[in-house]
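One-letter residues, chain by chain:
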Amino acid sequence: MGQSIKVHGIVLNKTDYRDNDRILTLFSPEMGKLTVSAKGVKKQNSKLRAGSELFAFGAYVLNETKGRYTVTAYDSVEPFVELRDDFDRLAFGTLMLKITDKTALRGEEEPELFSLLVRSLDKLREENIPPSFTASVFLLRLCTLTGYEPVLDRCVSCGEKNELLFLSPALGGTVCKTCTNSEHFAVSGACLYSFRRIISSDFDDVFLFKPTESQRKELFRAAAAYTSYFFDEKIKILDYISKYNLI
């Protein structure tokens, strides 16, 4: 008989196993990323079925035996069912799960990353908030959280504070007109303002900001391009965006 532990977690990934079982990637603020077995969950009458779906967020009781975890009980906090009923929200939400799956560490406390993911998914299901804007907020705040916050108040090459018309992920921020080259991409002043506001504001206050549709599109392209430089070895962000026509 193994030891039972209780953790709050959200399902980042699921893989069907045998006839009725699943292997889940669970992300917990207390224990980071965990691989857990969920037995019999594909049966219609399984009490654990809801807890084995993508986006499921709740309290899990796990039995640990020789370093392996099995789900024995689940109490839902939020299933995020709205994300499964809308294609765009599902696609953006799945992108958030995939990036978190590749970013989170195993066996490490990561309460800030967990909070960012859950709060972003909560905003993603709100009909009055465009999903691409929520995704941009998630990507940029993830960069900040993981040490890749862009420098936005000066040229990272020469220190110039005017004509910051380009962004360089490799250099970690904005580049002026004089220092730019073909590896940098152009951004508007409105886009840089959005970057600054998303990074510097309290999380909920960010969503009081209402950029236009064209501004949201540019913002998401820029946020995705910047983020992809740091995380593309783990997940092909731009390929995913293109596949599901998210911009």
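Check the entry above for the structure.
The following refers to the structure shown. (Residues numbered from 1 in each chain as written. Predicted model: local features only at pLDDT ≥ 70, side-chain atom pairs only at ≥ 80, totals over all residues. Heavy atoms only, no water.)

Glancing now at the overall build of the protein chain. Looking only at helices and strands, the protein chain features seven helices and eight strands. Compactness check: the protein chain gives a C-alpha radius of gyration of 20 Å against a globular reference of 18 Å for 247 residues, within 12% of the reference. Based on the C-alpha atoms only, the size of the protein chain along its principal axes is roughly 65 × 35 × 30 Å. Looking at the 247 residues of the protein chain, the share that counts as buried comes to 49%. About 12,500 Å² of surface is accessible on the protein chain, with carbon and sulfur atoms providing 46% of the total. A gap of 5 Å separates the mean positions of the 33 positive and 33 negative side-chain charges of the protein chain. (Helix = DSSP H or I, 4+ residues; strand = E, 2+ residues; numbered from the N terminus. Rg over C-alpha atoms; globule rule 2.2 N^0.38 Å. Buried < 20%, exposed > 50% of the residue type's maximum accessible area, 1.4 Å probe, protein only. Areas by Shrake-Rupley, 256 points an atom, 1.4 Å probe, with all protein chains shown as cover. Lys, Arg positive; Asp, Glu negative; His and termini not counted. Charge placed at Lys NZ, Arg CZ, Asp CG, Glu CD.)

Taken together, the three strands give an open sheet; going across it, the order is β7-β6-β8, and neighbouring strands pair in antiparallel fashion. Unpaired on one side and paired on the other, β7 (173–176) and β8 (185–186) mark the two borders of the sheet. Here strand β6 (residues 164–168) runs beside β8; their pairing, made up of two bridges, is antiparallel. Bridging across to β8, Phe166 finds its partner in Ala186. (Pairing = 2+ DSSP bridges.)

The subject of this paragraph is the packing of aromatic side chains. In the structure shown here, the tally under the stated rule is 12 aromatic pairs. Consider the rings of Phe133 and Phe207, whose centres lie 5.7 Å apart with planes at 85 degrees: the pair is edge-to-face. Separated by 74 residues along the polypeptide, Phe133 in helix α3 (residues 131–145) and Phe207 in the loop between α5 (203–206) and α6 (213–231) bring together distant segments of the chain. Accessibility classification places Phe133 together with Phe207 in one group, the buried group. Aromatic side chains Tyr148 and Phe231 sit 5.9 Å apart centroid to centroid with 85 degrees between the ring planes, which places their arrangement in the edge-to-face category. (Phe/Tyr/Trp six-rings, centres within 6.5 Å; stacked < 30°, edge-to-face > 60°.)

Let us now look at the packing of helix α2 (residues 111–124) against α3. As a packed pair, α2 and α3 sit with axes 9 Å apart at the nearest point and diverge in direction by 170 degrees. The angle between the axes of α2 and α3 places the two elements in the roughly antiparallel class. Taken together, the residues of α3 that come into contact with α2 (itself represented by Glu112, Leu113, Leu116, Leu117, Ser120, Lys123 and Leu124) are Pro131, Thr134, Phe138, Arg141, Leu142 and Leu145. Considering only residue class, the contact of α2 with α3 consists of eight nonpolar, two polar and three charged. (Axes fitted to C-alpha atoms, helices over the stretch in contact; angles between N-to-C directions. Parallel < 35°, antiparallel > 145°, perpendicular 65-115°, else oblique. Contact = heavy atoms within 4.5 Å. Nonpolar A, V, L, I, M, F, W, Y, C, P; charged D, E, K, R; others polar.)

Attention now moves to the side chain of Asp101. Inspection of the secondary structure assignment puts Asp101 in helix α1 (residues 87–103). Among the residues examined, Asp101 registers a relative accessible area of 12% and is labelled buried. Setting aside residues up to four positions removed in sequence, Asp101 forms contacts with Leu12, Asn13, Thr25 and Lys33.

Our focus in this paragraph is a negative patch on the surface. Taken together, the side chains of Asp85, Asp86, Asp88 and Glu127 present a region of like negative charge at the surface. Using a relative accessible area of 75% as the deciding quantity, one classes Glu127 as exposed. (Patch = residues over 30% accessible without salt bridge, like charges linked within 9 Å, V, L, I, M, F, W, Y side chains within 5 Å. Salt bridge = Lys/Arg side-chain N within 4 Å of Asp/Glu carboxyl O.)

Before going further, it helps to examine the pattern of salt bridges. One pass over the structure, following the stated rule, counts 12 salt bridges. Note that Lys42 is salt-bridged to Asp16, the shortest N-O span being 3.7 Å. Of this pair, Lys42 sits in the loop between β3 (32–38) and β4 (57–65) while Asp16 sits in strand β1 (residues 3–17), placing them 26 residues apart in sequence. Exposure remark for Lys42: the relative accessible area of 25% places this residue in the partly exposed category. Judged by its relative accessible area of 46%, Asp16 falls in the partly exposed class. For Arg22, the salt bridge goes to Glu53, with nearest N and O atoms at 3.3 Å. Separated by 31 residues along the polypeptide, Arg22 in strand β2 (residues 21–28) and Glu53 in the loop between β3 and β4 bring together distant segments of the chain. The exposure classification of Arg22 matches that of Glu53, with both residues buried. Counted as one network, the salt bridges with shared partners bring together Lys14, Asp16, Arg22, Lys42 and Glu53.

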